[in-house]
Every structure is written in C-alpha cells, then in structure tokens.
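Residues per chain, in single letters:
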Amino acid sequence: MKAETPKKKKVVKTIRIDVDKCNGCRACEMACSTFHARPRYASNNPARSRVRVLFDPLRDLYVPVYAGDYAPAECCGRDRYTIEGKQYDECGFCRASCPSRDLFKEPDSKLPLKCDMCQDDPQLQEPMCVQWCITDALTYEEREEEVEEEPAPAQELEVGLEALADRFGMDQLLEAVTRMSAAKKP
Amino acid sequence: MRYAETGFQLEVDLSRGNIERVETDPRLTELHLGGLGTNARILWERMPPENDPLSPESVLIFSAGLLGGTPATGANRTIVSAVSPQTRLMAYSMMGGFFAPELKYAGYDKIVFRGRAPELVYLLIHNDRIEIRDARHLAGKGAIETAESIKSELKDPNLQVAAIGLAGENRVYFASIEHARSSASRGGLGAVMGSKNLKAIAVRGTRDLPVARPAEFMELCREVLRYIQWRRDNPVKGVPAILAGIGSPQEMAIHDEEWHTTNFAWGNARHRRKDFWTRENEERWRRSQEQAIERLISCYNCPLKCGAIVRFPALGISKYMMKCYSKLTYVMGAMVDDLDFGFRIAGRAQEYGVDAYTTPQVMAFAMELLEAGILTPADVEGMPENHEEKFFWLLDRIARREGIGEVLADGVYWAARRIGRGAEAFDHNTIKKHEQIPIKLGMLNPIYFIMYATGEKINITQIEGQMPQMPFETREEREEFVRDWIQVPHERFKEYFLNWEPRGERAFPHYPPPEVTCELVEWQEMMHYLDDALGICAGLSSFPIKPPYHIHNLPPLVSAATGIDYDEETLWRAANRNRTLVRAVNNRLGLRRRDEKPPEDHWKKRFPELEARLLETYYRYKGWNAEGVPTRETLERLELGDVAEELIRRKVLREEAPAAVEA
Ligand code: SF4
Ligand code: SF4
Ligand code: SF4
C-alpha cells in the first residue's frame with residue numbers, strides 16, 4: 001500500500017488586478033509602505049512598497065506589480081510583451097526582486113522586498129493596498145483549497161541573509177556577524 | 001525630530017551654481033504651517049518691491065505642503081510662488097500630480113531659487129545627489145517633451161518633472177509650469193522660471209516620511225477616505241451636475257456642459273449663448289469627448305480621476321494630459337462650436353506651457369481689436385483665413401513673442417496699453433491686470449463681490465467654495481441640504497443658508513447682509529488658505545460643496561501628523577495669519593483699495609453704495625485700514641509685528657494705529 005501524501009487545507013489569497021480601472025494614483029504603494037513601517041504607520045515611502053505601479057500615462061501603461069521572490073541572479077532570458085498594440089517594458093510583469101533592476105529592494109540596504117499579503121494577527125479583512133484602492137483596480141478574494149504539505153517557506157530573516165550573502169559573500173557576512181556580536185557583548 | 005515635514009529646504013543660487021541644504025525653523029511651521037504660508041514668509045523677507053520679477057534678484061519657490069506626501073488623501077499639491085510679471089503682485093499657483101510628494105521623499109519641503117543661470121539648465125534632485133545640469137539641448141522643446149527627454153536620458157521613469165515650454169523661455173506673462181497632468185498656470189510663474197534660465201526640475205526620492213502619532217493619524221485618514229467614497233457615490237442634490245461631485249470639476253468624466261456653455265460668456269468674455277446646448281450639439285460633443293479621452297487619471301494618492309489622457313490620432317496630435325476646464329476655454333474663447341478644436345489646440349498650448357484661462361482670452365481680445373480696426377491686417381500679416389487656424393497662428397506668435405505676439409504675450413491689460421488707440425476699452429475682464437473667468441451676470445452677488453475684489457489669488461476659482469452659488473428655491477430643499485452639512489464652522493451658517501431666498505427681501509443684493517457676507521467669505525477663504533499651506537487638493541477641501549476635509553477634521557489631522565497641537569481656533573488663526581501676510585506682501589508691492597474692483601460689466605445690476613459698504617465692512621472685519629492694509633494692531637495680534645515695522649518704515653502704514661474704517 002502506497003502512503004498517501006499528506007494533504008492540508010490552505011487558504012488561497014488572490015488580489016485581482018484590473019488594469020483598466022487603475023488611474024495611476026499610487027495609493028496602493030503608500031498604503032503598503034506605511035503598513036510595513038516600524039512602528040506600524042510611523043512613516044511612508046513608496047520606494048519600499050511591495051506593490052509598485054509601473055505606469056507611463058503617455059503610453060497608457062498601468063501595471064500594479066507585486067513583489068515576489070528574491071532571485072539571486074537575473075534570468076538568462078528576458079520577456080517583453082506587446083498587448084493590444086501596447087509595448088510593455090522588458091520584464092514588465094515580473095515579480096522578482098532581482099539584480100537586474102532596482103525594483104522591490106529596500107532603497108538603502110538593497111535587501112529584497114516581498115509581498116506578504118499583509119501578514120498580521122488578527123489577519124486584516126483585506127490587504128492594505130486593496131483597502132486604499134477605492135477605484136476597485138485591486139480587489140481581494142479568498143478561497144480554500146486542499147494542497148499537499150510543503151516545507152515551510154523561508155522566513156523574512158533568511159531571505160534577507162541570503163541576499164546579503166549573495167551580495168558580500170558568506171565569509172564576509174560571517175565575519176561581520178561575529179564582529180557585531182562581539183561588539184554587542186557587555 | 002520633525003514630523004510630516006522634512007525640516008529642510010534647498011537653496012539654489014543659479015547665478016553662482018551654488019546649492020545649499022538648509023534646516024528650517026520649526027517655529028515658522030507652527031506659525032505658518034508650510035506651503036503657501038512659509039512661501040509668503042520667504043517672499044516677504046527676500047523679495048523687496050525694488051526687485052523686478054524677471055530679474056536675477058527675484059525669488060521663485062517650489063514647495064510641498066505640510067501634509068504633502070503623507071497618507072492623507074490628495075495631499076499632493078506643489079505650491080509655486082513668486083512675484084508675478086503680469087500683476088506685479090504675489091503669484092501663487094498650486095499644481096497637482098506627483099511632484100511635491102516626491103520632493104518630500106527626497107528629503108526637502110521646498111526649493112528656493114534665486115539668480116539666473118548663464119545658460120539654460122535643469123535641476124536634478126535624487127535624495128542627496130543634487131546637480132545643476134545643462135539643458136541647452138532642451139531649448140525650445142515642449143514642456144511634456146522636456147519631461148520625457150529628461151526621464152529617458154537619465155533612464156529613470158520614476159523621476160517627477162516640472163518644466164516650462166517655449167512660452168516660459170520667452171517670458172510670456174501667462175506662461176505656465178507643467179507637470180504630469182497638472183500645471184501651475186496662473187500669474188506667469190513659467191516666465192519667472194524662464195527668466196532664471198531654468199528649464200525644468202526633476203526629482204526622485206526614496207526616503208521615509210514620518211508622522212508623529214501614526215495610529216491616530218492613519219485612523220483619521222481612513223475616515224476621510226471613507227467619506228470620499230460615500231460622497232463620490234452620493235452627489236449633492238439641487239445643484240448643477242458639474243457642482244454636485246467632489247474633486248476638481250469633473251470635466252473629463254462628464255460631457256454635460258450645459259452649465260458652462262450657457263452660463264459663461266464666449267469670445268472675449270462677451271457673448272452669452274443661452275441656447276447653445278441643443279440636443280445636436282450635446283450629441284456631437286459627447287462623441288468628440290469619448291473619442292478623445294483614453295483614460296481618466298488621478299494625482300498622487302487620490303481616487304478621484306479629475307484628469308485625462310487625451311489622444312486624437314485622427315487629428316495627428318500626440319497624446320497629452322488634460323484636466324478640468326481647459327477643454328472649454330479655447331472653444332469658448334474662439335467661438336468655435338466644435339469640441340475637437342478644444343482638444344487639438346489645448347495639446348499644443350500645453351507643450352508651449354501657457355495658462356488655459358488667460359490665453360484664449362488674450363486671443364479673443366486680439367480678434368475683437370481686429371474687428372474694430374484697432375489692429376490692422378498689417379499687424380497680423382500672415383494670419384490664415386480659416387477661423388480655427390487663426391487661433392493656432394496667434395498661439396504660435398504669442399509663445400514665440402513674434403510680431404503681434406510680442407505685445408499679446410504681456411496679457412490683455414498690458415497689451416491694451418501698449419497698443420493704445422482705444423484698445424483699453426476692450427480690456428473689460430481683468431482684475432489687478434489679470435484675466436478673470438469669462439462670466440457676466442445679472443444681479444450683484446455680495447459674497448462674490450468681496451471675493452473678486454479682495455482675493456489675493458486674483459482668481460475666483462481659488463477663493464470660492466463651500467457655499468452653493470445660488471439659493472435653493474424652497475425652504476424644504478434648504479432644510480434637506482443642511483441636514484448633513486457637517487462642514488459649516490458654526491451652526492449659525494446653516495441659518496444663513498436657510499434664510500436665503502431667490503427673491504424678495506432676503507435675496508441678492510441685500511442678503512446676506514454685509515456682516516454675514518464677511519463671515520461667509522472668510523470661511524471660504526480660510527479653507528483655501530489651509531489647503532494651500534497643507535498641500536491638500538482644493539478639490540477635496542475648499543472648492544466643492546460638502547467636501548471631505550473641513551475645519552473640524554483638519555485640526556486633529558494636522559496635530560497627529562506633525563505633533564504640533566492645533567485646535568480649530570489656532571488652525572484658523574494660522575490660516576488667517578497667512579492670508580494677512582500675503583496681503584502685506586501685496587500691500588508692499590503697491591496694492592490698495594483702488595485696485596479692488598471687479599470688472600464694470602461683471603454684473604448688470606450694480607449698487608455703488610452697497611459695494612462700498614461691503615468692502616469697508618470686510619476691511620474692518622479683517623482688521624485692515626481704509627486702504628485695505630492690515631493695521632499694526634492686527635499684525636501684532638497675529639504675531640506679525642516685524643511685518644508692521646517694515647510697512648511703517650516704507651510708509652505703507654502710518655505710525656499711529658489709524659482708526660478702523662468708518663462704517
Ligand atoms: S491604488 Fe489602485 S488605482 Fe491607484 S495606482 Fe494602485 S492599483 Fe492603481
Ligand atoms: S498585500 Fe499587503 S504586503 Fe502585499 S503589496 Fe499589498 S499591502 Fe503590500
Ligand atoms: S481631487 Fe482630482 S485634482 Fe484633486 S488630487 Fe484628486 S485627482 Fe487630483
């Protein structure tokens with residue numbers, strides 16, 4: 001008898017993006033950045049938002065893009081879409097925080113940013129960016145699905161460390177950590 | 001630690017190429033808030049009346065408002081201030097879009113320019129990196145074209161650019177500064193920028209903007225957003241469609257233009273066309289608008305979409321961004337019945353960077369002079385035969401200051417005086433040398449009389465708001481209207497409205513009585529002065545009826561954002577202080593009672609004695625003397641004692657506190 005892969009219930013959270021309704025106001029960027037400020041709402045800075053509106057009104061481009069996974073290296077191929085005669089920028093729809101561009105990185109440390117669907121306790125009714133988009137370009141939906149158990153995703157700290165290791169090399173990173181911990185000892 | 005504001009401004013001396021980052025005095029924030037208020041302070045201190053507005057000594061300020069860039073919806077205004085080459089008084093114009101928030105994120109509240117660059121330059125700001133860069137390759141380029149070139153040459157699509165077109169370079173007295181879907185148009189600020197050889201400013205910022213009491217502030221912002229959503233879905237009843245919503249007038253979304261086309265005057269503010277809005281015209285206009293508008297767009301952090309992307313491939317014009325009323329001004333000024341013409345010419349005008357209110361009137365004025373024989377065919381040699389083409393031709397001449405355009409580029413007032421031969425009689429729609437909205441009405445309206453006469457902005461749309469412009473027909477309708485009127489400063493304002501009748505004793509011109517009129521005017525003014533200091537869009541606050549921001553929710557918002565505690569009284573005082581300071585700047589530049597006159601023909605029915613009484617009552621109400629200058633006592637009460645000293649030293653005020661105006 002074959003062992004069954006363990007299943008578990010998972011909530012799939014979807015943000016629907018209707019680019020036809022987007023007016024380019026960037027309220028979503030403001031809302032995301034202020035929600036993730038520490039302490040919460042203490043500041044805002046769209047450059048740190050996990051959603052960015054790639055927009056070019058004169059070419060009629062309005063694409064809210066969500067920050068996805070960190071990519072240590074850029075991909076070997078690039079994509080460039082043309083939809084209904086409109087040419088989108090290279091990598092226009094890509095969610096990766098990748099070395100080829102400035103998008104989805106903390107402005108100073110360059111650490112990668114990733115949309116966490118506004119993880120909070122208790123969970124928000126709707127993610128912040130959706131709440132502030134009252135033109136309904138962004139709407140939110142949840143559904144339950146049965147999925148196979150998967151390993152826990154890397155935590156923010158690990159992703160950050162990995163990015164630092166990629167940038168400075170593991171040796172330098174370890175050295176720095178050792179130095180810092182020595183300095184912090186009373 | 002400073003909150004909501006950065007506490008720093010950039011001082012750029014274009015003559016010497018010197019740039020300094022200067023920490024500002026927090027006491028000034030407390031007194032003047034920011035934006036227009038602190039701009040007026042700088043002009044007061046650095047722009048004595050001896051300095052010519054277009055000389056290197058003149059000062060030009062780009063400022064964010066105190067709330068600019070915070071999560072407060074619509075806090076995105078850039079307040080540009082200088083002395084106007086046209087009115088020779090203070091010019092200030094607010095533009096929407098994305099510029100001010102970006103400046104805040106770069107770490108600055110303001111940029112203060114002086115001097116004149118030896119060659120055409122632009123200023124680049126990217127956080128700490130600030131450069132004055134060569135712009136000779138941009139000379140003569142359109143304003144939008146310039147912004148696009150700068151973004152592509154620096155490979156940064158996220159730059160926010162404010163630029164002038166050819167008109168600004170040529171110091172046209174009504175040249176604008178253009179940015180994204182917005183512009184700072186009134187008063188010739190583009191000419192001041194041109195006189196400094198400054199083609200553009202490009203800014204990019206990636207820093208945090210903190211607020212003092214985050215949770216509290218966010219909750220207040222949320223309430224405002226909720227109200228916007230509710231108000232957007234619940235237009236005010238009993239007023240024309242164009243006045244029922246919030247935001248700037250929704251000219252891009254609404255095609256019903258009955259109100260503007262039949263109430264405003266066409267040509268050189270001359271002809272009422274009460275029967276224009278026929279079914280046939282409506283249908284044609286609807287088609288043109290649908291064809292021209294690609295998408296409705298917003299300013300930073302605002303859901304209201306008052307602007308639009310205009311595309312007109314069939315007509316061979318490139319895309320541009322339009323807002324508000326400019327689709328009509330050219331059509332009506334040129335007396336052309338075809339809305340396509342408006343979309344076509346506004347695109348070219350925007351690349352040149354000219355004010356869409358003044359420009360059509362200047363051209364219509366020139367056409368009247370031609371008809372009257374004051375200008376002769378020799379003066380307009382080369383002008384095409386086709387009526388519409390004439391306006392394109394005139395526009396080109398003005399932007400280039402070529403031929404007759406050289407004279408017209410100074411605006412109606414100055415052009416009339418330079419042309420002479422009776423041309424002055426055709427200058428019938430200016431106040432303080434500035435072209436007004438083309439509107440000519442029947443019965444004197446006391447509220448508007450005072451606002452037109454005394455408004456420092458010299459532009460009614462940026463003074464009016466809050467109150468419906470006409471009384472409602474029945475008592476029931478009025479009662480219905482005041483039911484959810486939470487914006488009034490005091491319950492008695494509801495009474496004023498309830499008692500206001502279309503006819504009889506309690507109608508124009510004797511109702512509202514002068515004292516009440518002053519209260520109503522002050523309310524409308526103060527809301528604008530608050531917006532212009534805080535950097536909030538008037539479309540969400542001072543301009544529409546029942547707006548999301550008002551005197552009751554602004555004090556807690558400003559306090560939570562800045563950590564400086566204001567209540568209704570102190571915030572109102574700050575607005576009043578700013579209003580008084582702008583007045584003092586203008587008094588020092590020569591403004592007196594003799595200048596406070598709406599055009600003779602603005603209303604058919606005039607009442608000279610009542611008008612004099614209205615003006616005097618208002619001066620007294622504000623604590624000004626008979627000449628319209630704030631008294632020493634008033635200035636001292638508003639902590640503007642140094643301003644009083646200077647006005648006395650310059651003999652604008654007499655030493656002893658003069659008795660208030662006699663009633
Ligand atoms: S808030 Fe909505 S409308 Fe505004 S930019 Fe974001 S997605 Fe577009
Ligand atoms: S869902 Fe939350 S984390 Fe993700 S972009 Fe929107 S606001 Fe940011
Ligand atoms: S109300 Fe209109 S003009 Fe004002 S900020 Fe919003 S979109 Fe801009």
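Residues numbered from 1 in each chain as written. Chains lettered and ligands numbered in written order. Predicted model: local features only at pLDDT ≥ 70, side-chain atom pairs only at ≥ 80, totals over all residues. Heavy atoms only, no water.

**Quick look at the overall build of chain A**
Our working rule: Strands here are runs of E lasting at least two residues and helices are runs of H or I lasting at least four, both read from the DSSP assignment and numbered beginning at the N terminus. Residue burial is assigned from relative accessible area. The probe radius is 1.4 Å, only protein chains are included, and a residue is buried under 20% of its type maximum, exposed over 50%, and partly exposed in between. In what follows, a contact means two residues having at least one pair of non-hydrogen atoms within 4.5 Å. Using the Shrake-Rupley algorithm and a 1.4 Å probe, accessible areas are obtained, with residue cover drawn only from the displayed protein chains. Only four residue types enter the tally: Lys and Arg on the positive side, Asp and Glu on the negative side; His and the chain ends are excluded. Taken as the charge centre is NZ of Lys, CZ of Arg, CG of Asp or CD of Glu, depending on the residue.
Assigned secondary structure in chain A consists of 4 helices and 7 strands. With the C-alpha coordinates aligned to their principal axes, the bounding extent of chain A is approximately 60 × 55 × 40 Å. For chain A, the proportion of its 186 residues judged to be buried stands at 41%. Pairs at least 24 apart in sequence give 64% of the contacts found in chain A among residues at least 6 apart. Total accessible area computed for chain A in this model is approximately 11,400 Å², and 52% of it derives from carbon and sulfur atoms. Seen as two clouds, the 28 positive and the 34 negative side-chain charges of chain A have centres 3 Å apart.

**A few points about the domain arrangement of chain A**
All names here are of chain A. Threshold: Where each domain begins and ends follows an automated or database-derived domain assignment. Computed with a 1.4 Å rolling probe, the buried area is the accessible surface lost when two parts are put together, summed over both parts. The salt bridge definition used is simple: a Lys or Arg side-chain nitrogen within 4 Å of an Asp or Glu carboxyl oxygen. Whenever a nitrogen or oxygen atom comes within 3.5 Å of another N or O atom, the pair is scored as a polar contact, on the condition that within protein one atom can donate a hydrogen and the other can accept it, and that pairs from neighbouring residues in sequence are kept only if both atoms are in side chains. Basically, the charged four are Asp, Glu, Lys and Arg, the nonpolar ten are Ala, Val, Leu, Ile, Met, Phe, Trp, Tyr, Cys and Pro, and anything else, Gly included, counts as polar.
Here chain A is described as being made up of domain 1 (8–150) and domain 2 (151–186). Put simply, the middle of domain 1 and the middle of domain 2, counted by C-alpha atoms, are 26 Å apart. Counting residues at the interface gives 8 residues for domain 1 and 9 residues for domain 2. Together domain 1 and domain 2 conceal approximately 680 Å² of surface at their shared face, both sides included; 60% is due to carbon and sulfur atoms. Our count for the domain 1 to domain 2 interface comes out at 0 salt bridges. Here domain 1 is connected to domain 2 by 2 residue pairs in polar contact (both at pLDDT 80 or more). Here the side of domain 1 that touches domain 2 is built from residues that sort into 4 nonpolar, 1 polar and 3 charged.

**Digging into the site of ligand 1**
Residues and elements named next belong to chain A. Rules: Throughout, near means a residue has at least one heavy atom within 4 Å of the molecule or strand. Two kinds of site are reported from a 1 Å grid over the protein atoms alone, namely cavities, where a 1.4 Å probe fits but cannot get out, and pockets, open sets with protein on both sides within 12 Å along at least five of seven lines, and residues are called lining when an atom falls within 4 Å of a point. Just a note on the criterion: a molecule sits in a pocket or cavity if more than half of its atoms are within 2 Å of the grid points.
Cys 22, Cys 25, Arg 26, Cys 28 and Cys 133 are the nearest of the 13 residues found near ligand 1. Using a 2 Å cut-off from the grid points, one finds that ligand 1 occupies the largest cavity. Per-class residue counts for the shell around ligand 1 are 9 nonpolar, 3 polar and 1 charged.

**Section: the site of ligand 2**
Around ligand 2, the structure places 13 residues, and the nearest of them are Cys 32, His 36, Cys 115, Cys 118 and Cys 129 of chain A. In the shell around ligand 2, the residues fall into 10 nonpolar, 1 polar and 2 charged.

**Considerations on a positive patch on the surface**
The condition is simple: Surface patches are defined over residues having more than 30% relative accessible area and no salt bridge, joining like charges when they lie within 9 Å and nonpolar side chains (Val, Leu, Ile, Met, Phe, Trp, Tyr) when within 5 Å.
Together, Arg 272, Lys 274, Lys 604 and Lys 605 of chain B make up a region of like positive charge exposed at the surface. Its relative accessible area of 34% is what places Arg 272 of chain B among the partly exposed residues.

**A few points about helix 22 (residues 568–588) of chain B**
Residues and elements named next belong to chain B. For clarity, the cut-off: Under the convention used throughout, the expected extent of a helix is 1.5 Å for every residue step, that is, one less than its residue count.
The first and last C-alpha atoms of helix 22 sit 30 Å apart over 21 residues, in line with the 30 Å expected at 1.5 Å per residue. Counting buried residues in helix 22 gives 17 out of 21 residues, a clear majority hidden from the surface. Where helix 22 begins, the capping side chain belongs to Asp 567, and its oxygen is found 3.1 Å from the backbone nitrogen of Glu 569. Downstream of helix 22 by one or two residues, Gly 590 has phi in the positive range, about 115°.

**Some points on the packing of helix 2 (residues 35–46) of chain B against helix 22 of chain B**
Residues and elements named next belong to chain B. Rules: Structural elements are reduced to axes, namely lines fitted to C-alpha atoms, with helices fitted over the stretch in contact, and the angle between N-to-C directions of any two is expressed from 0 to 180 degrees. Angle categories are assigned with fixed cut-offs, so that under 35 degrees is roughly parallel, over 145 is roughly antiparallel, 65 to 115 is roughly perpendicular, and the rest are oblique. Crossings are sorted by hand: turned counterclockwise from the far helix by less than a right angle, the near helix makes the crossing left-handed, and turned clockwise it makes it right-handed.
The N-to-C vectors of helix 2 and helix 22 enclose an angle of 30°; their axes lie 9 Å apart at closest approach. When the interaxial angle is binned, helix 2 and helix 22 end up roughly parallel. Judged by the twist between their axes, the crossing of helix 2 over helix 22 is left-handed. Taken together, the residues of helix 22 that come into contact with helix 2 (itself represented by Gly 37, Ala 40, Arg 41, Leu 43 and Trp 44) are Asn 578, Leu 581, Val 582, Ala 584, Val 585 and Arg 588. Residue composition of the contact of helix 2 with helix 22, by class: 7 nonpolar, 2 polar and 2 charged.

**What to know about the interface of chain B and chain A**
In this complex, chain B contributes 40 residues to the contact, which on the side of chain A involves 32 residues. Here chain B packs against chain A, burying approximately 3,000 Å² in sum over the two surfaces, 55% of which is carbon and sulfur. In terms of surface lost to chain A, no three residues of chain B exceed Met 218, Arg 222 and Arg 295 of chain B, which account for 21% of the buried area on that side. Inspection of the chain B/chain A interface yields 3 salt bridges. Among the salt bridges present, the one from Asp 208 of chain B reaches Arg 48 of chain A, with a minimum N-O distance of 2.6 Å. On the surface where chain B and chain A come into contact, there are 16 residue pairs in polar contact (both at pLDDT 80 or more). Looking at the side of chain B that touches chain A, the elements with two or more residues in it are helix 3 (99–106), helix 4 (143–153), strand 13 (209–210), helix 7 (214–233), strand 16 (293–297) and strand 18 (317–323) of chain B.

**A short note on the packing of helix 7 of chain B against helix 21 (residues 554–562) of chain B**
Residues and elements named next belong to chain B. Direction vectors running N to C along helix 7 and helix 21 enclose 145°, while the axes themselves pass 8 Å from each other. Between helix 7 and helix 21 lies a crossing of left-handed hand. Judged by residue contacts, Glu 216, Phe 217, Leu 220, Cys 221 and Val 224 of helix 7 engage Pro 556, Leu 557, Ala 560 and Ala 561 from helix 21. Taken together, the residues that form the contact of helix 7 with helix 21 break down as 8 nonpolar, no polar and 1 charged.

**A word on the pattern of salt bridges**
The full count for this structure, using the stated rule, is 84 salt bridges over all chains. For Arg 26 of chain A, the salt bridge goes to Glu 29 of chain A, with nearest N and O atoms at 3.0 Å. Using a relative accessible area of 1% as the deciding quantity, one classes Glu 29 of chain A as buried. A salt bridge links Glu 639 of chain B to Arg 577 of chain B; the shortest N-O distance between them is 2.9 Å. Placement of the pair is Glu 639 of chain B in the loop between helix 24 (632–637) and helix 25 (641–649) and Arg 577 of chain B in helix 22, with a sequence separation of 62 residues. Overlapping salt bridges bring together Lys 432, Glu 456, Glu 522, Glu 525, Arg 579, Arg 583, Glu 596 and Lys 622 of chain B as one network.

**Re the environment of Gly 623 of chain B**
Residue and element names in this part refer to chain B. Its place among the elements puts Gly 623 in the loop between helix 23 (608–622) and helix 24. The sequence separation of Gly 623 and Thr 580 amounts to 43 residues, and the corresponding C-alpha distance is 9.6 Å. Beyond its immediate stretch of four places on either side in the chain, Gly 623 contacts Pro 630, Thr 631 and Thr 634.

**Focus: the packing of aromatic side chains**
All names here are of chain B. Quick reminder of the rule: In summary, the pairing rule links any two rings of Phe, Tyr or Trp, Trp by its six-membered ring, whose centres are within 6.5 Å, and it sorts them by plane angle into stacked for under 30 degrees, edge-to-face for over 60 and tilted for everything else. A ring has a charge above it when a Lys NZ or an Arg CZ is no more than 6 Å from the ring centre and no more than 35 degrees off the ring normal.
Going through the model one piece at a time under the given rule, you end up with 33 aromatic pairs over all chains. With a centroid separation of 6.4 Å and an interplanar angle of 45°, the aromatic rings of Phe 449 and Trp 603 are classed as tilted. Placement of Phe 449 in helix 17 (residues 446–454) and of Trp 603 in strand 22 (residues 603–605) is noted, with a sequence separation of 154 residues between them. Judged by its relative accessible area of 3%, Phe 449 falls in the buried class. An aromatic cluster is present here, built from Phe 472, Phe 481, Trp 485, Phe 493, Tyr 496, Phe 497, Trp 500, Phe 508 and Trp 523 joined pairwise through their rings. The cationic tip of Lys 457 hangs over the ring face of Tyr 92; the distance from NZ or CZ to the ring centre is 5.6 Å.

**Section: empty space enclosed by the protein**
Residue and element names in this part refer to chain A. To keep it simple, the criterion reads: Grid points are joined across faces, edges and corners, and a volume is the space filled by probe spheres set on the points.
Tallying each qualifying case throughout the model produces 8 cavities of 30 Å³ or more. Lining the largest cavity are 14 residues, and of these Cys 22, Cys 25, Cys 28, Cys 133 and Ala 137 sit closest to its centre. Of the residues assigned to the lining of the largest cavity, the class counts are 10 nonpolar, 3 polar and 1 charged.

**Things to note about a nonpolar patch on the surface**
Residue and element names in this part refer to chain A. Residues Tyr 81, Ile 83 and Phe 93 make up a contiguous nonpolar surface patch of about 270 Å² in total accessible area. You can see Tyr 81 is positioned in the loop between strand 4 (61–66) and strand 5 (82–83). Of the residues examined, Tyr 81 reaches a relative accessible area of 42% and is grouped as partly exposed.

**Brief notes about the domain arrangement of chain B**
All names here are of chain B. According to the domain assignment, chain B consists of domain 1 (8–204), domain 2 (232–429) and domain 3 (441–649). Between the C-alpha centres of domain 1 and domain 2 the distance comes to 26 Å. Tallying the contact residues gives 37 residues for domain 1 and 31 residues for domain 2. For the pair domain 1 and domain 2, the summed buried area comes to about 2,700 Å², and 55% of that belongs to carbon and sulfur atoms. If you sort the residues of domain 1 by the area they bury against domain 2, Ile 144, Phe 174 and Arg 181 come out on top, with a joint share of 31%. Linking domain 1 with domain 2 are 1 salt bridge.

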